[in-house]
Amino acid sequence: MANAHGAGAIATGGAALAAPTRFAHRRSRHIKERVIEALLFLSAFSAVATTVAIVAVLLYESAAFFEHVSIVEFLTGTEWTPLFENAKYGILPLVAGTLVTAGVGLAVAVPLGLVTAIYLSEFAPHRVRETVKPFLELLEGVPTVVYGYFALLFVTPLLQRLLPGLPGFNMLSAGIVIGVMIIPYVSSVSEDAMRAVPMSLREGSYAMGATRFQTAVRVVLPAAVSGVVAAFILGISRAVGETMVVAIAAGQQPNFTLDPTESAATITAYIVQVALGDLPHASIGYQSIFAAGLVLVAMTLAFNIIGHYLRRRFREVY
Amino acid sequence: MSTSRAGEDLAALRELIGRHKRRDVMFGIVGLACMMVGVVTLIVLFIDLLIDGAPRFSWDFFTSFPSRRAGEAGILSAWVGTLLVMAVTMVAAVPLGVAAGIYLEEYAPKNWVTDLIEINVTNLAGVPSIVYGLLALGLFVYALGFGQSVLSAGLTLALLILPVIIVATRESIRAIPGSIREAAHAVGATKWQVTYDHILPYSVGGIMTGVIIGLARAIGETAPIITIGALTFIAFLPAAPVQAEFPFVSGEWLFAPFTVLPIQMFNWVSRPDTAFHANAAATGIVIIVATLAMNALAIRIRYRIRQRIKW
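Keep in mind that this is a model prediction, so the values were computed, not measured.

The next subject is the interface of chain B and chain A. In this complex, chain B contributes 69 residues to the contact, which on the side of chain A involves 65 residues. Taken as a group, B:F27, B:M35 and B:L134 account for 11% of the area that chain B buries against chain A, more than any other trio of residues on that side. Applying the counting criterion to the chain B and chain A interface returns 0 salt bridges. Seen at the junction of chain B and chain A, the total is 7 residue pairs in polar contact (both at pLDDT 80 or more). Element by element, the count of residues in the side of chain B that touches chain A is highest for helix 1 (residues 2–53) of chain B, at 20 residues. Here the side of chain B that touches chain A is built from residues that sort into 47 nonpolar, 17 polar and 5 charged.

So, about the domain arrangement of chain B. Residue and element names in this part refer to chain B. If you check the domain split of chain B, you get domain 1 (2–54) and domain 2 (59–308). Carbon and sulfur atoms supply 88% of the area that domain 1 and domain 2 bury against each other, a total of about 520 Å² over both sides. Contact with domain 2 buries area across many residues of domain 1, yet F46, L49 and G53 alone supply 70% of it, more than any other trio. Where domain 1 packs against domain 2, one counts 0 salt bridges. Inspection of the region where domain 1 meets domain 2 yields 0 residue pairs in polar contact (both at pLDDT 80 or more). Among the residues forming the side of domain 1 that touches domain 2, the class breakdown is 4 nonpolar, 1 polar and 1 charged.

Moving on: a nonpolar patch on the surface. Taken together, the side chains of A:I31, A:V35, A:L39 and A:L42 present a nonpolar region at the surface, about 390 Å² in accessible area. Position of A:L39 relative to the elements: it lies in helix 2 (residues 19–65).

For the rest of this paragraph, the subject is the pattern of salt bridges. Residues and elements named next belong to chain B. As enumerated under the stated definition, the model contains 9 salt bridges over all chains in all. With a closest N to O distance of 2.8 Å, E106 and R181 form a salt bridge. Highlighted residues: E106 in helix 3 (residues 76–107) and R181 in helix 7 (residues 178–186), separated in sequence by 75 residues. Note on accessibility: E106 and R181 belong to one class, buried. A single network of salt bridges, built from pairs that share partners, joins E105, E118, R170 and R174.

The rules behind each value
Residues numbered from 1 in each chain as written. Chains lettered and ligands numbered in written order. Predicted model: local features only at pLDDT ≥ 70, side-chain atom pairs only at ≥ 80, totals over all residues. Heavy atoms only, no water. Contact = heavy atoms within 4.5 Å. Buried area = accessible area lost by both parts, 1.4 Å probe. Salt bridge = Lys/Arg side-chain N within 4 Å of Asp/Glu carboxyl O. Polar contact = N/O pair within 3.5 Å; in protein donor to acceptor, adjacent residues only side chain to side chain. Helix = DSSP H or I, 4+ residues; strand = E, 2+ residues; numbered from the N terminus. Nonpolar A, V, L, I, M, F, W, Y, C, P; charged D, E, K, R; others polar. Domains from an automatic or database assignment. Patch = residues over 30% accessible without salt bridge, like charges linked within 9 Å, V, L, I, M, F, W, Y side chains within 5 Å. Areas by Shrake-Rupley, 256 points an atom, 1.4 Å probe, with all protein chains shown as cover. Buried < 20%, exposed > 50% of the residue type's maximum accessible area, 1.4 Å probe, protein only.

This is how it looks when you write it as structure tokens:
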């Protein structure tokens, strides 16, 4: 009531003013609204600008790099020795290192993450879920450099007891730690997909006499498969782009191998190695990290497109 | 004859059911074990850090510069650097992210430009963090000439956490019922008045949660900052932002070389001399405690909002 009264008073006051002032006031208010909307739009558009800037910077510096190195040599060469006298720029060793560590990571994260998701979604009592999920979220929050420390100084010595002769830097321990690191990503996205499966499907299955396990594996999982695939792709992207764990624990020597017990550099580790050194701006070594970054972006993009395709292929609509 | 057949069938059926039930129980155990792998890793990691790093904890560790001698080295320049970089990140990312969230939720028309923006926000969240480092190296450090400075690092991390803040802002705005907007419009408020006087105040808790989670992530980010060329050995502090003489404030610190906690840790862990590993572990504890405390704060704020606000 008091408010209505106040509004009335303002309205009377407004009417008492000369008409031109009032219109001017309205126009200025209109302009102010427009300016604010434009500013808000520009802020939102900064997301597009960022993407454009990333692509532009990578392409611009890579173009300078490819003036010195042929694209064919870059994509098919099996030697990466940019710091030697007779520098060779073949990206394959770095790609192999990236894929091996990511592969080891997935071999850990996919089964563990999937079983965790099935358990959390279909089996776990309410209290267990509420207690454990925050812990899994914390696992996501631990900085990657700490995981690197853990991989080098805890997991590697442990593995060396099981596999004598394992070098101090190796892709196996980096990959395992990356795998544990991305379990929460895989499990939380898969769990969301499974919980989104309508209850009626489970009830139908139970009514036919199926057990929980049968329902989970033969009804819920197939119905949620597009979300589960998305979770795996998310995990791959994370593993491929992971930097600190591999830079610390996998070694920084390019090594064209598919054996995870060896030491090798990944694309990301190479970028870190160059950035730590003192390469002058606009030198070919400086440009080479942008070319490597371009390959990294292309790889994550490829995985995302595959994921998008698989999701559409397997989508179930209710 | 037929009764014994039925009896056999029944026994077989019972066995079948028993087998399936055992499988159920077994999967329950396997699932629990798989879930615990993550939790146990977290606990082992923390204990490992504590055992390695605890002896290094002392007042001196926080008030000394890095040193050639492991026993005397400290993290003074690193934690000061982290604070300064976080300040820049916050000042850059919060207005931009909140404004973008408001635009997408309250203003954006349904057209291809909006779709483009939304696709980009989603994609940026999936770009590897080191790629942001390359962007910053090309753009901030060289093209814009900010150098390998606190400013470059802060802006890089701001771009990195922008999607987190945008998503948090949008979610908390979306939770506000439409009737609030309608009521404000009905008494003659303009769109911005509705947004500024109603939408923003009601969503501030959710936005803060997003900001804190974003900053907690930024504190631990190492790769993009290494890429722009942060130094690993800094034995001095940037100029203080507040000066004794006129004009009392100085922006010099923005362009100062710097180091941050995760980089200091990376530097120590990659030294062959194992005496430095204890320093790395102690730094790791500092980083983990900082991020966990921030996450806990965010969870607490979220919980309190849920309790207090009932539409």
